[in-house]
Amino acid sequence: MKKLPAQRGRVAVIGAGPGGMAAALSVHQAGHEVVLFERYPQARPAGNILNLWPPPIKALGLLGVNIEDLGAPCTSEFRNARGRRRVRAALPEQVVRDYGGGFVGLLRPELYERLLDALPKGVLRVNHTVEPVEQDESGVRLHLTDGRVHEADLLIGADGIDSLVRRTLWGDSPKREHNLHIFGGYTFDESVETEPGMCVLSHTRTVQGSWTAIRDKGRDGHQWWILEAFDADREFSGDLHSNATSLGQAFARPLPQLIAATDPAHDQRWVIRDRKPLKQWSKGRATLVGDAAHPTSPYAGYGAGMATEDGYFIGRRLAGVDLSDYDAVRRALDAFEAPRKPHTARQSQHAYVLGQVFHHTPRALQPVRDAILDRTPLMQKVVGDSTPISILTQLGEIDRAEAHFTALLGLGGTHDTAS
């Protein structure tokens, strides 16, 4: 992609997850100098299983990431444990055709590899721990633990749920414990028969058991996850595979068979928590993206996707902006976060509520809840109908951002894109 002929600014990004790498790519395309700091020896995924909706896939393609055969195209359904469908999230045929499915299943390392391949040489700096950060109207200074100081015009915090940048800007805030934990894994065993092209989320009275098709490096397989209530104050000492196997027995085929076919080395467990949405992400010359701004439960199926979208949009908002101009930076950052906050807050809160409804409903009310979900269109309206609307809205936002960005490419010069 042709670079904008605007005055180059200096942007620092902390955290080489999907949001950080997407931000670095978008900022680079906007014509600014960008450095991406990662504290670990390599940009490494925190998990294994992953799903992506069309908007982040579209954003990845526009950022120059190879999205060919990125994942297995799927249609999403919520079902009860016996296999009866409660919800179907159906996107228009054109969207499914354009983005390789209404929903794609993949492994997280594959996304990281493709993002890394797209990064320009020299942008990523691993083994660089930043602490602390300070700023004023003239610029930002990142103090590295080796004693060096990196100066920039703008800072993007993509450093996760325990974000240093978030604490620096807004102080510490408690995590919101969902009192849930999740077991997940994947297998390429071809002996397990499944419905092709499906992502199925099933529920007993207290447990979610789900599976989806995946593609990874040209191989077809499946990922699965089991989610149940778990006191966050307790220490887990059980065997991951044994626990998943036991919980999976309550579900219809093929979930128990997929768990049985999984190498225990490919199992994982994590505790679910988030933070309540911030009213403001940006302060001065710094802003947040991804989990640093809006950590989200896996119930949304959108955490990495929203982080990727954030990264895309921040670079587009900085296109043509003179980063030496403090007022121009402030306008650009405010314009970046204004449409992102309601979208991400809605997804985060929706995920939290679903987790509470399915796993913390009092025992006496569980039959009533399940009867409502099985016999009324309530969940279809709340989840199945609203999800496509949200997806189409975000695709529209990307189209508008890209049209403006393309226009700036043609105009040249320095422009304030906050309008």
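Fair warning: this is a prediction, and the values are worked out from it, not measured in the lab.

### Some words on the pattern of salt bridges
- According to the stated counting rule, one finds 30 salt bridges in the structure shown.
- A salt bridge links R114 to E110, with the shortest nitrogen-to-oxygen separation between them at 2.8 Å. You can see R114 and its partner E110 sitting in helix α4 (residues 108-118), 4 residues apart, about one turn around the helix. Taken individually, R114 and E110 each receive the classification buried, so the pair is uniform in this respect.

### A short note on the pairing of strand β8 (residues 130-136)
- Bridge count between β8 and strand β9 (residues 139-144): 5 bridges; the pairing is antiparallel. Bridge pairing in β9 places E134 opposite R141.
- The turn joining β8 and β9, which pair antiparallel and follow one another in sequence, is formed by 2 residues.

### Notes on the UniProt feature "domain: FAD-binding" (unreviewed entry) in the protein chain
- The UniProt record marks residues 10-346 with the feature "domain: FAD-binding" (unreviewed entry), using the residue numbering of this structure.
- Structurally, residues 10-346 comprises 29% helix and 31% strand, and the distance from its first C-alpha atom to its last is 32 Å.

### Considering the environment of Q394
- With respect to the helices and strands, Q394 occurs in helix α11 (residues 378-411).
- On the accessibility criterion, Q394 (5% relative accessible area) is buried.
- As for Q394 and E193, which are separated by 201 residues in sequence, their C-alpha atoms are 34 Å apart.
- Not counting residues up to four positions away in its chain, the partners in contact with Q394 are P55, Y302, E309, F313, R340 and H343.

### Details of the packing of helix α1 (residues 18-29) against helix α8 (residues 303-318)
- Between α1 and α8, whose axes approach to 7 Å, the crossing angle comes to 20 degrees. By the criterion of interaxial angle, the relationship of α1 to α8 is roughly parallel. In the packing of α1 onto α8, the handedness of the crossing is right-handed. For the pair α1 and α8, contact is made by P18, G19, A22, A23, S26, V27 and Q29 and by A304, A307, T308, G311, Y312, I314, G315, R316 and L318, respectively.
- Partitioned by chemical class, the residues of the contact of α1 with α8 number 9 nonpolar, 6 polar and 1 charged.

### Comments concerning a nonpolar patch on the surface
- A surface patch of nonpolar side chains, about 400 Å² in accessible area, is lined by L365, V368, I372, L378 and V382.
- Along the chain, V382 turns up in helix α11.

### Some remarks on helix α9 (residues 326-359)
- With 34 residues, α9 should cover 50 Å at 1.5 Å per step; its first-to-last C-alpha distance of 47 Å lies within 8% of that length.
- A maximum bend of about 35 degrees is found in α9 at R340, where proline P342 lies one to four positions downstream.

### Some thoughts on unusual backbone geometry
- A cis amide bond links E131 with the next residue in sequence, P132, at an omega value of 5 degrees.
- Inspection of the secondary structure assignment puts P132 in strand β8.
- In this structure, the amide linkage connecting R253 to the following residue, P254, adopts the cis form with an omega of 5 degrees.
- Within the element layout of this structure, P254 appears in the loop between α6 (240-248) and α7 (255-260).
- For D69, which is not glycine, the phi dihedral falls at a positive 55 degrees.
- Relative to the assigned elements, D69 resides in the loop between α2 (54-62) and β4 (72-80).
- Given a relative accessible area of 34%, D69 falls into the partly exposed group.
- Residue N179 is not a glycine yet carries a positive backbone phi of 50 degrees.
- Here N179 shows up in strand β12 (residues 176-187).

Conventions adopted
- Residues numbered from 1 in each chain as written.
- Predicted model: local features only at pLDDT ≥ 70, side-chain atom pairs only at ≥ 80, totals over all residues.
- Heavy atoms only, no water.
- Salt bridge = Lys/Arg side-chain N within 4 Å of Asp/Glu carboxyl O.
- Helix = DSSP H or I, 4+ residues; strand = E, 2+ residues; numbered from the N terminus.
- Buried < 20%, exposed > 50% of the residue type's maximum accessible area, 1.4 Å probe, protein only.
- Pairing = 2+ DSSP bridges.
- UniProt positions renumbered as here; feature names shortened; annotations may be inferred.
- Contact = heavy atoms within 4.5 Å.
- Axes fitted to C-alpha atoms, helices over the stretch in contact; angles between N-to-C directions.
- Parallel < 35°, antiparallel > 145°, perpendicular 65-115°, else oblique.
- Left-handed = near helix turned anticlockwise from the far one by under 90°.
- Nonpolar A, V, L, I, M, F, W, Y, C, P; charged D, E, K, R; others polar.
- Patch = residues over 30% accessible without salt bridge, like charges linked within 9 Å, V, L, I, M, F, W, Y side chains within 5 Å.
- Areas by Shrake-Rupley, 256 points an atom, 1.4 Å probe, with all protein chains shown as cover.
- Expected span 1.5 Å × (residues − 1).
- Bend = angle between axes of the 7 residues up to and from the residue.

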